[in-house]
Number of protein chains: 2
Amino acid sequence: MKKPLMFISSIGHYLPERVVPNEYFLNLNGLTDEWIYTRTGIKERRRAAEHENTNTMALEALRIAKNKLTFKISEVDLIVGATYTPHDTVGSFTYEVQREFGITNAVSISISSACSSFVNAVEIVQGYFAMGKASKALVIASEHNSGYSDDTNSISGHLWGDGAVAVFITNERMGTNDIEINDIITRGLGHIGQGPAAVYLHPRNGGLIMPHGKDVFQYACTYMSEITREIISKNNITLADLDYFIPHQANIRIINYVADDLGIDRNKVIINIDKYGNTGSASSVIGLSQHYEEMPKDSNIVISVFGGGYSTGAILMKK
Amino acid sequence: MKKPLMFISSIGHYLPERVVPNEYFLNLNGLTDEWIYTRTGIKERRRAAEHENTNTMALEALRIAKNKLTFKISEVDLIVGATYTPHDTVGSFTYEVQREFGITNAVSISISSACSSFVNAVEIVQGYFAMGKASKALVIASEHNSGYSDDTNSISGHLWGDGAVAVFITNERMGTNDIEINDIITRGLGHIGQGPAAVYLHPRNGGLIMPHGKDVFQYACTYMSEITREIISKNNITLADLDYFIPHQANIRIINYVADDLGIDRNKVIINIDKYGNTGSASSVIGLSQHYEEMPKDSNIVISVFGGGYSTGAILMKK
């Protein structure tokens, strides 16, 4: 089948104001700044305020992304929300978005494949474009990890950050600064390692827990590397052609392992875990949003992710 | 674009053993059997046992659907889970399914558009088929409403039931008993009426609440009727050609209003709300599963849904 054309025509991200430095955890669970930083690469993370949640952060990110939009937001015909930390599983933020921005003729859905959710959402958009059922899509990833995580948990409490990112994707080029999406691969890995038992979020009973961190670490390294090689070779380019590598931001040691394994120069790797922690499905896309303007023409860009469950995915783009 | 072919090749549903009759609520919130039955059409509903949840019920439904499968379940290349009552938003049941049934080469995602989730899931399958990225899909809707609802709530506590349904969808006919999916329409309605405020599920704070039941009632009537007319006329058949009308099972008065408004004979309407209550996104599909075998060749079948948020959708099928 002929793949539909896909272009990112506008992007924006939102991070809550409140900064939580590593020092905050010392009294809670005994972890020092140095211990956290050397093992995770995290110095600080952002946390939603009392009045904020997954839905409000999604709307904030969209307000920013909308600033550079070259078409009317009411023309959006597909909204895909990505989150594993929902504020509301019925009144999802995609409906709040319709309501606040007057998007009255759109498919509206929320998805989760944990930290892979954004990549899966973009592949769903690709399907709607292929069917001719949509042409102007909006994908928003919003994660309120602190709403579900336990700060006293010395295994994973310090890892999580909050944030959101909104991306408009169209089936034609809307401006000279657009990034073209050339390929998307996603894959469920429930059968690998500890799978769904490795990291879980039971909203009714407690929250976000990672009992098998080593298993997650090991398979994240393996699969983020493998899926990157796959999307590169499938599209007849080489790893040396890559200008920006944007991995899921779960741990700097995973990121460095993957970059080194792939032979990607570390200065081509986009990092934000130091300042934002693990912002879940939003993390790599916030990285894209942060560097979007400065990326020169003809840049080759790859997003590569790994999620709890497990799952993996990659997006190949060209500016 | 040429639409991909889609066939339901196997279907199965699971309902928990425990029956909760209307009498159960009298001591909790003062509602009598007669009051509940005349206003909702519900006599009893099923409730998950202590050891059951959204994930275990999904697996049970799949075990039943798998019995009549004519291909190896390991050939499934796309799993879409539908639920607004998740047991685990990271270790979702689509990963448990991969693990338990050895499905090692599949896209694996969970979605929610509340009670419209199944219809949206099938449209996502349509997109993957259109792209040639999948050919054997598995859609499972599983709802554990009692995990989030409050039995003492006299507005909505008595409405909810638990249950799950699993459906295999292929891009070619696999057997003489297959049902062909001819069209799917979905639409987000966040901008209508009370929208996302009408019924919500905040997993972190309380549960499933319906502060604007009348608003839900009114728009469910309007839009389930409207979307049914739309899918019928779009496909050049008439309402009189319909053999089975399977509405979302939220309230018998909504169902009767919609059937009468459309002029559909009530003996063509599939009902299970009397015995199962509102089983969310699984409700209409459980109805399809209950009557699948008895449906004669050449039957025209429509599923029509309305979900919190709001949202609506319809599927046109032919056996």
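Residues numbered from 1 in each chain as written. Chains lettered and ligands numbered in written order. Predicted model: local features only at pLDDT ≥ 70, side-chain atom pairs only at ≥ 80, totals over all residues. Heavy atoms only, no water.

**A few points about the interface of chain B and chain A**
Opposite the 59 residues of chain B that make contact, chain A presents 59 residues. Between chain B and chain A, the buried area comes to about 4,800 Å², and carbon and sulfur atoms account for 55% of it. Where chain B meets chain A, there are 2 salt bridges. Two residues, lysine 133 of chain B and glutamate 123 of chain A, come together in a salt bridge whose shortest N-O distance is 2.7 Å. Across the chain B-chain A interface, the total number found is 35 residue pairs in polar contact (both at pLDDT 80 or more). For the side of chain B that touches chain A, the leading source of residues is helix 5 (residues 117-131) of chain B, giving 8 residues. (Contact = heavy atoms within 4.5 Å. Buried area = accessible area lost by both parts, 1.4 Å probe. Salt bridge = Lys/Arg side-chain N within 4 Å of Asp/Glu carboxyl O. Polar contact = N/O pair within 3.5 Å; in protein donor to acceptor, adjacent residues only side chain to side chain. Helix = DSSP H or I, 4+ residues; strand = E, 2+ residues; numbered from the N terminus.)

**Overview of helix 9 (residues 283-291) of chain A**
Of all 9 residues in helix 9 of chain A, 7 are buried; the element is thus mostly enclosed. Those residues of helix 9 of chain A that sit buried are Ser283, Ser284, Val285, Ile286, Gly287, Leu288 and Ser289 of chain A. (Buried < 20%, exposed > 50% of the residue type's maximum accessible area, 1.4 Å probe, protein only.)

**Looking at the pairing of strand 12 (residues 300-307) of chain A**
Residues and elements named next belong to chain A. The element strand 12 is extensively covered by neighbouring structure, given that 8 of its 8 residues are classed as buried. Where strand 11 (residues 244-247) and strand 12 come together, 4 bridges link them in parallel fashion. Within the sheet, the bridge partner assigned to isoleucine 246 lies in strand 12 and is isoleucine 303. Two strands pair when backbone bridges link them, and strand 12 and strand 13 (residues 311-318) are joined in this way by 8 bridges, in the antiparallel orientation. Its bridge partner lying in strand 13, valine 305 is registered against glycine 313. (Pairing = 2+ DSSP bridges.)

**Digging into the nonpolar core**
Looking at soluble globular proteins, one finds that nonpolar side chains tend to be buried together. In this structure, Ile8, Ile169 and Leu288 of chain A together with Ile8, Ile169 and Leu288 of chain B are the most contacted members of the largest nonpolar core, which totals 90 residues. In this structure leucine 288 of chain A touches Ile8, Ile11, Ile179, Ile246, Met295, Ile301, Ile303 and Met317 of chain A, once residues within four positions along its chain are discounted. With 47 residues, the next largest nonpolar core counts Leu189, Tyr219, Ile231 and Ile264 of chain B among its residues. (Core = buried A, V, L, I, M, F, W, Y, C linked by side-chain atoms within 4.5 Å.)

**Focus on the environment of isoleucine 64 of chain A**
All names here are of chain A. Structurally, isoleucine 64 is set in helix 3 (residues 54-66). Along the sequence, isoleucine 64 and proline 4 sit 60 residues apart, while their C-alpha atoms lie 27 Å from each other. Beyond its immediate sequence surroundings of up to four residues, isoleucine 64 is in contact with Gly12, His13 and Tyr14.

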